[in-house]
Amino acid sequence: MKDIARQSMSIKVESMDLLNGQIKMEAHASATYLAMASWCEQNGFFTSAKFFFKQAEEEREHMMKIFNFLVDTGGNPISPEVTDINHDYSSIVDVFESTLEHEVKVTQSIHNIVKKAREMGDIATERFLDWFVMEQVEEENTIRDILDMIEVTGTEGVGLQMIDNQVANWID
């Protein structure tokens, strides 16, 4: 009897599958932010590069939080294959607009998992995701603030250097 209890998962299979999808999304985000950091370095936006290196690290931490949660609940976390990373951007504005689009998709995905967990009565998964829900509010707000700053500063002449310098305000 004990062996059966030890082998059982406390997480629902559907929650595990959704969270494995989120692991892949977080890994993709980390790789995307590394590509953005590289683009910023190559184009002289050194402070923005630091911002995206930090973001890449944070996304990997998010991935590992979910991975470890699955381990802790007896689930089977899957190490994701990451493909289709964009390395080409037309401007610093394009980089940050792409970032916002991505963060909105992540938010929608997390909200979807929370709703499904609630429907299934998977309280542990729902509670676990509370942190991610609030983290996404912060992530989207940060990128919107940067895009607002870019709009006010403008992208002509010294405006581009001012933008890069101001991004330092969002690096912890």
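Before reading further, recall that the structure is shown in the block above.
Please read all numbers here as calculations on a predicted model, not as lab measurements.

Student: Describe helix H3 (residues 46-72), and please don't skip the residues or the numbers.
Tutor: Compared with an ideal rise of 1.5 Å per residue, which puts 27 residues at 39 Å, H3 spans 39 Å between its outermost C-alpha atoms and is within 8% of the ideal. One or two residues past the end of H3 sits Gly-74, with phi positive at roughly 80°.

Student: Break down the environment of Asp-88 for me, with residues and values.
Tutor: Relative to the helices and strands, Asp-88 is located in the loop between H3 and helix H4 (92-120). Judged by relative accessible area, which is 62%, Asp-88 ranks as exposed. In sequence terms Asp-88 and Ser-38 are 50 residues apart; their C-alpha atoms lie 10.0 Å from each other.

Student: Before we move on, could you go through the nonpolar core and cite the residues and values that matter?
Tutor: Judged by nonpolar contacts, the single largest core of 21 residues is most densely connected at Phe-52 and Phe-96. Contributions of two or more residues to this core are made by helix H2 (13-42), H3, H4 and helix H5 (123-153). Element by element, the count of residues in this core is highest for H2, at 6 residues. Listed in part, the 16 residues of the second largest apolar core include Ile-11, Met-16, Met-63 and Leu-70.

Student: Requested: an account of the side chain of Glu-59, with residues and values cited.
Tutor: Its place among the elements puts Glu-59 in helix H3. Here Glu-59 sits buried without a salt bridge, and the closest side chain of opposite charge, Lys-54, lies 9.4 Å off (N-O distance). Discounting chain neighbours no more than four positions away, the residues touching Glu-59 are Glu-26, Ala-29, Ser-30, Tyr-33, Glu-103 and Glu-139.

Student: Describe unusual backbone geometry, and please don't skip the residues or the numbers.
Tutor: Glycine aside, a negative phi is what most residues show, and trans is what most peptide bonds show. With a phi close to 60°, Asp-84 is a non-glycine residue in the positive phi region. Here Asp-84 is to be found in the loop between H3 and H4.

Student: Give a description of the packing of H4 against H5 that names residues and reports values.
Tutor: Across the interface, H4 lies against H5 with an axial gap of 9 Å and an inter-helix angle of 160°. On the basis of the axis angle, H4 is roughly antiparallel to H5. For the pair H4 and H5, the sense of crossing is left-handed. Considered class by class, the residues forming the contact of H4 with H5 number 16 nonpolar, 5 polar and 7 charged.

Student: I'd like to hear about H4, residue by residue, with values.
Tutor: With 29 residues, H4 ought to run about 42 Å at 1.5 Å a step, and its terminal C-alpha atoms sit 42 Å apart, in line with that. Directly beyond the C-terminal end of H4, a positive phi value near 75° is found at Gly-121.

So, how was this worked out
- Once a new chain begins, its residue numbering starts again from 1 and follows that chain's sequence as written.
- For a predicted model such as this one, the threshold for reporting local features is a pLDDT of at least 70, and the threshold for listing and counting side-chain atom pairs is 80 or more; totals across whole chains, interfaces and linings nevertheless cover every residue.
- By convention in this description, side-chain values take in all heavy atoms of the structure and omit both hydrogens and water.
- Helical segments are the DSSP runs of H or I of at least four residues, strand segments are the runs of E of at least two, and each set is numbered from the N terminus.
- Helix span, expected: 1.5 Å multiplied by one less than the number of residues in the helix.
- Summary of the burial criterion: residues with accessible area below 20% of their type's maximum are buried, those above 50% are exposed, and those between are partly exposed, where the area comes from a 1.4 Å probe applied to protein chains only.
- The criterion is simple. A nonpolar core is a set of buried Ala, Val, Leu, Ile, Met, Phe, Trp, Tyr and Cys residues joined through side-chain atoms within 4.5 Å.
- When charges are tallied, Lys and Arg are placed among the positive residues and Asp and Glu among the negative ones, while His and the ends of the chain are skipped.
- Here, a salt bridge means any Lys or Arg side-chain nitrogen found within 4 Å of an Asp or Glu carboxyl oxygen.
- Should any heavy atoms of two residues lie within 4.5 Å, those residues are counted as being in contact.
- Between N-to-C directions, angles cover 0 to 180 degrees, with each direction set by a line fitted to C-alpha atoms, over the stretch in contact for helices.
- Working rule for angles: under 35 degrees goes down as roughly parallel, over 145 as roughly antiparallel, 65 to 115 as roughly perpendicular, anything else as oblique.
- A clockwise turn of the near helix away from the far one marks a right-handed crossing, whereas an anticlockwise turn of less than a right angle marks a left-handed crossing.
- Only Asp, Glu, Lys and Arg are considered charged, only Ala, Val, Leu, Ile, Met, Phe, Trp, Tyr, Cys and Pro nonpolar, and every remaining residue, Gly among them, polar.

Just distances and angles here, no functional claims.
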